[in-house]
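Inside the fold
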Amino acid sequence: MEFTFLLLVLACLSKGTEAFLATPLNTTDPDVISILCPEQATGETKDHEWITREGIRKSIRRFFMLNPPPGSAPDFFLPEDATLSELYHAYYGKNSSPTRFIKAVNSIASANVKTDSSAQTRYDPAIQGDGEHLDGLQATLIARYPQILTSILRDEAYSAARGLLGTSLHSLQKFYSHSTWIEQGNSNILEGLGIPGNNIGITANPSEDVCNACPSSQGECQGNVIVGASLSSGYYNYNDTIGGGFLIPKPTTGGKCSHGGVLDDSADVEAIGGINKDTAYPCFSPHHHLHEQAAELAVQATEHYLQVLLDAVGDEKYRRLFDLYLGSALSICIDVTGSMQDDIDAVKAQVAEIVNNTVAELYILVPYNSPVVGPMTKTSDPKVFLDAVNALYASGGDENFCQALQLALSATPDYGDIFCFTDDRAQDAAELMESVTALAQQQHNKVTIILSDIYKKGPQDERDSPLFSTQTTSGGKTSFSSINGRISSDPVQQYQDLADATGGLLISTDKFDVADIVSIIDGGVETSTVTIISLTGIIGNHNNQVLIDDSIINFEVRISGSVTSAAITDVTAGTDYDLLDPAALDTMNDVEVVSHTDTFKAIKWTAPNYGDWELVTDSSGNYSVSVIATSTLDFLGDFAILDPSPPHPHYRQTEGRPLMDTVYYLEITMIGHLESNVVNIKQVEFIDKVGTSLRLIEYHEDVTDQLYIRTQPLPEDPFYIRLLGHVASGNAFCRLMSVLMMPVQTTVDVWANSDDLSARPGESATAMFLVTNFGLESEFSIAGTDDMNFLTSMDPPSIYLSTNDSLPVTAYFTVPSGTLHGTVSTVIITAQSLKQTQSVNSAIAHFVVLPEETDFVKPMCVLTKSPDCIGYNYNGICATHNWTTEANLQDEASGLYSVYAKPEGNSVNIDHFTPGTNELVIVEYGADCCTLQADIIGVDGQGNVGKCNIDMGILGGLIYDFKVDSVGESWVVLHWNITPSAYDILYFNLEINDIALHKVTCHDLYCLDIATYLEPCAVQNFNLIPVFDNNGYEAPGFGVFTQAITSEAEPSAPYNGTEIDATETTITIAWEASLCSSLFQVCYYEVIDEPSNAICEQTTQTSFVIRGLSICKAYFADVVSINPSGTSSPDLKFYGVTLCPGPTE
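Residues numbered from 1 in each chain as written. Predicted model: local features only at pLDDT ≥ 70, side-chain atom pairs only at ≥ 80, totals over all residues. Heavy atoms only, no water.

A tally of helices and strands in the chain yields 16 helices and 56 strands. Here the C-alpha atoms of the chain give a radius of gyration of 32 Å, agreeing with the 32 Å that 2.2 N^0.38 yields for 1145 residues. A principal-axis box enclosing the C-alpha atoms of the chain has dimensions of 90 × 75 × 65 Å. A buried classification covers 58% of the 1145 residues belonging to the chain. Here the contacts in the chain between residues at least 6 apart in sequence split such that 72% fall between residues at least 24 apart. The distance from the centre of the 55 positive side-chain charges to the centre of the 145 negative ones in the chain is 3 Å. (Helix = DSSP H or I, 4+ residues; strand = E, 2+ residues; numbered from the N terminus. Rg over C-alpha atoms; globule rule 2.2 N^0.38 Å. Buried < 20%, exposed > 50% of the residue type's maximum accessible area, 1.4 Å probe, protein only. Contact = heavy atoms within 4.5 Å. Lys, Arg positive; Asp, Glu negative; His and termini not counted. Charge placed at Lys NZ, Arg CZ, Asp CG, Glu CD.)

Okay, here's the thing in structure tokens:
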């Protein structure tokens, strides 16, 4: 690839192939209006981001329903419209945090969106499916499929798998908006799309006519696809120097389809018009009237693809893919050099106590010295972990801290904390500290260093020189063109900078103390921790407001360093707490002294009052303060650039660190905002490490799951992102992202696709990265590292860049023979200016080892014994009889790597199975006759799935479609169906709110009942259990569950009204309401006006933002409840005043 080619791509930044919009857009933006013509919209436009999240939401709901939480009630149920965070809370508990889960979902959605941003994928017809290249799209999807599966099955490299999965989902979804699948009359998905062993059917040949001309080349077009024509897609042509190398010109035969829309030049070539269904805007999508159907099929296809993936990887790894587990990882690096001889026993004792007092789902241990780093222990068994810890002994020389941390990062899940024990400097900091910091920040891993004895070490030696040679090898680990950049020569400051950048702690102790540290690490495996305040390197007196909102269960103040005074006041209660008096704190209710030493203090309030608290600290030396809390309300933040250029406007997420002095859109993902009753977001702030506000961006729009907030130019100094708003009670909330944002003047972009970043054992590969300098002209060092040591060299090892100049660098990889396919190595490429510390950035990619030979053949599965439930396949008696079957499974190519059955049944015996076997595997499976469907599944080494499906029909006497027909003040009408049964129904036992109130007699297949004498305006839970006649004995069967809320005769008035916030043009109000109030009307008018001139709006929420008000004016607002019959309640009155402009200077 020529350099001029790369520069042209850089200049064209975001030109790409049109599809479902990648992200939602603000259609009032003048750069967007001319493309999307929002005034012509015929419905809501669904974008790739929404489709991906919706498909995942449906898949996870189904997964949870089929695998209810341990100890849950038999009637465990999840609402069909539950959000992602609501699903998580319903499954894991209301106090659990879905942050990691949402981050995993966002990673997949971001990879999907990136497919429309990357120059390596945005133009490619084999990715986008344009130009009648659907067979190429299928081939590309099939080739990537085993990469996804083996990265999960072999290496459990979930981060890499999410990226590959997002890319595949992009093409999968695009099929329905770009092809003629829907126009052919198909109402279902193409189940074989992207799955090995399947094809997409007959596609149009070059001479076949597929489209007739539309009435016009622009605007809406219907019926232009020829009935009976083969499957096809539209040609999409536009003037783009780079795209021209990928785009397929539209033939001039007059019978081919165009993509269509205002940006497609081929729409003017016969047959004129187009077929794309990307949006609900007719000027953008000629088949806009089919957009809703295309989006729905794309959601279904996403859900189906995830189900195929689930079958291949199994339940446990599917959970890991989405970070679906309650506990976290306990990840520990331990320095085992000779100087640690006196500390090793203390560390072992600490770790044992930590393991005995925490609940982690994953344990990771990385010991290190020189020349050895590792071996890494990764296990879910605490005994295996402790055995590995107890086997450690001190020996060796240099502390290869960064190599150890890099290895730990490769195994630690996102949002997992890493704890490092050491007593000396990181000897490899100059080489690797910048790279491992970037990786930890990307994964949101907090790194805490417990440091002893370092102050007793001598002065730095020659190994700590600011710059190393172009190629330095230490401990068998090669790093190319080592750099220093921001890395301090002070060894303690290096650790402090790492902790600050990742949101961790630096705990300096003379010797390790179990009592002082165990509780800190215990907190690191909690999943619902949020940050409210984080101040580092402060001196003197500091007064901080601590906002404790209603979602906070407890909070903890941590002070690192020596302080002369520290106190916190509960402003609401008027209670003062002296944080330097542990004895007094121990006597106070709801206060727990977690740790209290001369240099570190942690005090927790277990049941705090909501409202304002005030924290005041003072010291003559450096110290740090943080306030963390347990809460389900949190947010994720990423920077993105609005790319309005044709042909595909979207928000393009930045890679690596953001650029200083650049305007971005801050992409906010709200977590738990519905459950926490968030009514508004007031502002976003960028604050530095000592708490100074560097930027303040007000926000006046509605609160939704995904927000895009336009920023001011980013500051030059590092900063945290702080989000402030209010909950329904009127209390303010504050959340801080613990990752320190470090604006830079350099970008490093991955200019390689998954084909470039992969190779077979014994083969080599090259991948290109693009370095761009926005700072002063300078020479740049290029550093490359990967945790599997596949990276052999960087070319060139240094480059010279003028301001706004770019150059490519190439990474060379060699995969050793014998490496297992599916092995994933995390690659970090860092560019650092030799003149400016702020001209530094890193790109992170994943390198995947491919199988030596491609295998798309499914494992063989044959049932050798047929199950039999004749006479027992009826509800009420099915549990009295068991059935068994046998199956033979074999894969002679890649070998069987997983064999299991779903559902688990009563017994599963697997003989002659070891992972990778090519021999015959025999499975004996047994269950009772209540289980009439089951699958015995074999997965080979490349992710191909073979199944034996057992289907003995539908259980007789099974209730289905149990639903509420109508609801009254004291009654509910219910209906249900039941499958035919050889056993007569005696009656149905209807339990209401766990009380068996009456028996329902019905002998038909469709039944109706009215439950009466119910409490008005209350939740009513209904359990319906059929009782059969089994030869004169009553035989209860499986029951079903549903729920309803009874109404009230007259709607109750809203109450507890609160004015939450006011600006110059808005007033935010909130209220409480009865359980059965679901619709409210808000009428508002200026105080000097007549009530008859009020503006009235309706909402289903118990809060409302009144917009478009005049500055410095007084207003009345009346809120009423409205019941389903339209009757209104008495009103709740509000009075508020918009803000007046401040005095001008």
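Now for the UniProt feature "domain: Fibronectin type-III" (unreviewed entry) in the chain. The positions UniProt marks with the feature "domain: Fibronectin type-III" (unreviewed entry) are residues 1053–1142. Annotated as residues 1053–1142, this span is 0% helix and 49% strand, and its ends, taken at the C-alpha atoms, are 37 Å apart. (UniProt positions renumbered as here; feature names shortened; annotations may be inferred.)

In the contact formed by helix H13 (residues 429–443) and helix H14 (residues 491–502), the axes pass within 9 Å of each other and the chain directions differ by 15 degrees. Classified by the angle between their axes, H13 and H14 sit roughly parallel to one another. Considering the relative orientation of H13 and H14, their crossing is right-handed. Packed against H13, whose contacting residues are Ala429, Met433, Thr437, Ala440 and Gln441, the element H14 presents Gln494, Leu498, Ala501 and Thr502 at the interface. Taken together, the residues that form the contact of H13 with H14 break down as five nonpolar, four polar and no charged. (Axes fitted to C-alpha atoms, helices over the stretch in contact; angles between N-to-C directions. Parallel < 35°, antiparallel > 145°, perpendicular 65-115°, else oblique. Left-handed = near helix turned anticlockwise from the far one by under 90°. Nonpolar A, V, L, I, M, F, W, Y, C, P; charged D, E, K, R; others polar.)

Counting residues in hydrophobic clusters, the biggest one holds 64 residues, and the most contacted among them are Phe64, Phe101, Tyr176, Leu193 and Phe322. Looking at this core, the elements that each hand over two or more residues are helix H3 (48–66), helix H4 (84–92), helix H5 (99–114), helix H7 (134–153), helix H8 (158–178), helix H9 (291–321) and strand E40 (933–940). If sequence neighbours within four positions are ignored, phenylalanine 64 has contacts with Phe76, Leu78, Leu87, Tyr88, Tyr91, Tyr92 and Leu324. Among the nonpolar cores identified, the runner-up in size contains 33 residues, and Leu362, Val366, Ala411 and Ala499 belong to it. (Core = buried A, V, L, I, M, F, W, Y, C linked by side-chain atoms within 4.5 Å.)

Next up on the list: the pairing of strand E26 (residues 746–750). Burial within E26 is extensive, with four of its five residues counted as buried. As judged from the five bridges shared by E26 and strand E28 (residues 764–773), these two strands associate in the antiparallel manner. The residue bridging valine 748 from the neighbouring strand is valine 771, located in E28. (Pairing = 2+ DSSP bridges.)

Once that is clear, we can look at H5. The end-to-end C-alpha distance of H5, which contains 16 residues, comes to 22 Å, matching closely the 22 Å that a straight helix rising 1.5 Å per residue would cover. Most of H5 is tucked away: 13 of the 16 residues are buried. (Expected span 1.5 Å × (residues − 1).)

Before going further, it helps to spend a moment on unusual backbone geometry. The phi angle of most residues is negative, glycine excepted, and most peptide bonds adopt the trans form. With an omega of 0 degrees, the peptide bond running from glycine 374 to proline 375 counts as cis. The residue proline 375 is located in the loop between strand E2 (360–368) and strand E3 (377–379) in this model. For the bond running from aspartate 795 to proline 796, omega is -5 degrees, close enough to zero to count as cis. Of note, the phi angle at asparagine 993 is positive, near 55 degrees, even though the residue is not glycine. On the secondary structure map, asparagine 993 appears in the loop between strand E44 (985–992) and strand E45 (995–1000).

For the rest of this paragraph, the subject is the sheet that holds strand E56 (residues 1132–1137). Here four strands make up an open sheet; going across it, the order is E53-E52-E55-E56 and the pairing antiparallel. Edge positions in the sheet fall to strand E53 (1095–1099) and E56, since each of these pairs with one other strand and no more. Strand after strand, the sheet turns through a mean of 25 degrees between neighbouring axes, direction not considered. Here strand E52 (residues 1080–1086) runs beside strand E55 (residues 1114–1121); their pairing, made up of seven bridges, is antiparallel.

What follows is about the state of the cysteines. Disulfides are covalent bonds that connect the sulfur atoms of two cysteines. One pass over the full model with this rule turns up nine disulfides. Note that cysteine 869 is cross-linked by a disulfide to cysteine 929, the S-S spacing being 2.0 Å. Between cysteine 869 and cysteine 929, the S-S torsion sits near -90 degrees, and that sign places the bridge as left-handed. Remark: cysteine 929 occurs in the loop between strand E39 (921–928) and E40 and cysteine 869 occurs in the loop between strand E35 (860–865) and strand E36 (882–890); sequence separation between them is 60 residues. At a sulfur-sulfur separation of 2.2 Å, the disulfide partner of cysteine 1017 is cysteine 1076. Given an S-S torsion of about -110 degrees, the disulfide between cysteine 1017 and cysteine 1076 has left-handed geometry. (Disulfide = S-S within 2.5 Å.)

This brings us to the pattern of salt bridges. As enumerated under the stated definition, the model contains 25 salt bridges in all. Among the salt bridges present, the one from glutamate 54 reaches arginine 57, with a minimum N-O distance of 3.0 Å. Of this pair, glutamate 54 and arginine 57 both sit in helix H3, three residues apart, roughly one helical turn. We classify arginine 57 as buried; its relative accessible area is 10%. For aspartate 311, the salt bridge identified is with lysine 947, shortest N-O distance 2.8 Å. You can see aspartate 311 sitting in helix H9 and its partner lysine 947 sitting in strand E41 (residues 945–951), a full 636 residues away along the chain. (Salt bridge = Lys/Arg side-chain N within 4 Å of Asp/Glu carboxyl O.)

To continue, consider the environment of aspartate 417. Along the chain, aspartate 417 falls in strand E4 (residues 417–422). Its relative accessible area of 13% is what places aspartate 417 among the buried residues. Residues aspartate 417 and valine 447 lie 30 residues apart in sequence; the distance between their C-alpha atoms is 6.1 Å.

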